[in-house]
Amino acid sequence: MSETASPTVPVYAGPRRILSGIQASGALHLGNYLGALKRFTQLQDQGAPCFLFVADLHAITVWQDPKLLAAQTREIAAAYLASGLDPAKSVIFPQSAVRAHSELAWIFNCVARLGWLDRMTQFKEKSGKHKERSSVGLYTYPVLQAADILLYKATEVPTGEDQKQHLELTRDIAAKFNGDFEVPGYFPLPEPLTQGPAPRVMSLRDGAAKMSKSDPSDQSRINLTDDADTIAGKIRKSKTDMGVMPEPGESLDERPEIRNLLTIYAALSDRTRDDVIAEFAGQGFGAFKPRLADLAVESLAPVTAEMRRLMADPAEIDRVLKVGAERAAAVADVTVAEVKDIVGFWRG
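The model shown is predicted, which means the values in this text are computed figures rather than measured ones. (Residues numbered from 1 in each chain as written. Predicted model: local features only at pLDDT ≥ 70, side-chain atom pairs only at ≥ 80, totals over all residues. Heavy atoms only, no water.)

**Student:** If you had to explain the packing of aromatic side chains to someone new, which residues and values would you point to?
**Tutor:** Taken as a whole and assessed by the stated rule, the structure comprises 13 aromatic pairs. Judged by centre distance (4.8 Å) and plane angle (25°), the rings of F51 and Y152 are stacked. You can see F51 sitting in strand β2 (residues 50-55) and its partner Y152 sitting in the loop between α7 (136-151) and β4 (156-158), a full 101 residues away along the chain. For the pair F51 and Y152, one class covers both residues: buried. In this structure an aromatic cluster arises from ring pairing among F108, F177, F181, Y186 and F187. (Phe/Tyr/Trp six-rings, centres within 6.5 Å; stacked < 30°, edge-to-face > 60°. Helix = DSSP H or I, 4+ residues; strand = E, 2+ residues; numbered from the N terminus. Buried < 20%, exposed > 50% of the residue type's maximum accessible area, 1.4 Å probe, protein only.)

**Student:** Which residues make up the confidence of the model for the protein, and what values do they have?
**Tutor:** On average, residues of the protein score 92 in pLDDT, and 96% of them reach the 70 mark or higher. Counting contacts from residues 1-6, a segment whose pLDDT is below 50, to residues more than four positions away or on other chains yields 15 contacts. (pLDDT = per-residue confidence, 0-100. Contact = heavy atoms within 4.5 Å.)

**Student:** Mind laying out the pairing of strand β1 (residues 18-23), listing which residues take part and the relevant values?
**Tutor:** It is a general feature of regular strands that their side chains alternate between the two faces of the sheet. Buried residues dominate β1, accounting for 5 of its 6 residues. Where β1 lies against β2, 6 bridges are found, and the strand directions are parallel. Its bridge partner being in β2, I22 is matched across the sheet by V54. Remark: the β1/helix α1 (residues 30-43)/β2 crossover connection has right-handed handedness. (Pairing = 2+ DSSP bridges. Right-handed = clockwise from strand over helix to strand, strands pointing away.)

Have a look at this one:
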């Protein structure tokens, strides 16, 4: 399905840019921190502009309480800042505050093909047996995601395995737009950035399921707002098996919960999983879990404290979001104006 640039067709020659976002739909957890927030802070110092938004437009593809949505947006922004993102280096903004996202999404709705969206596995997973009751927004979610990315002509997108199909769709839309309107190289074909401290953190209760804020069991995840005792308790009660810590070279295919705990330890300590295995080889979980708990508390305590400080001062968060939205719009509005000219809209 994906189109790639031919050697005879000009490719995008603009600057390197990175873009990502997190939905404003509930409390963040350790998986978000390791899979996204920690990675974002590393990327902002690598020389490419980073556009990091709070995805409130995406959030409303399923019901959100209007009385809570703005607070949820502030909480995600607080997590960005508490994790080390610097608004002087990264553009941090609410998606809905930049109207160009919605404008470009509509144009892309007219570029994308129905068959492409029918193949999106995430819609099938999220809608389940109730496809007819799902919102149209949930179905066209990947098109808005393509607009999010291409609006800033992002060349790289930090993404997990579950979002790679959506990025392929973004590439397809970019290639088709460039071809249909004879503007080769106008939009880049963004590449995924799948490497990170822990691209996929799993549930503490089920090593086959991704850690999720929608899991009904709070014991399945470590929330960024959990206190030290709660974090330690969740790790102490995390699911393991009847064995001991693995030996170097031992396959972990049949031990998903152990693999997950090792991945978390390695990511929090900036080490490799093999290094952690070598340290704890053959030991019981009674030796490993307290060390993991101490490490998690040490790593997350500063983030939690700063999040609480920021949430107590919403005006500070709002200042960051307002400035970020203005900076984002300065880039996005140029793209939309160019696209309207390319499509042939009346400009007056």
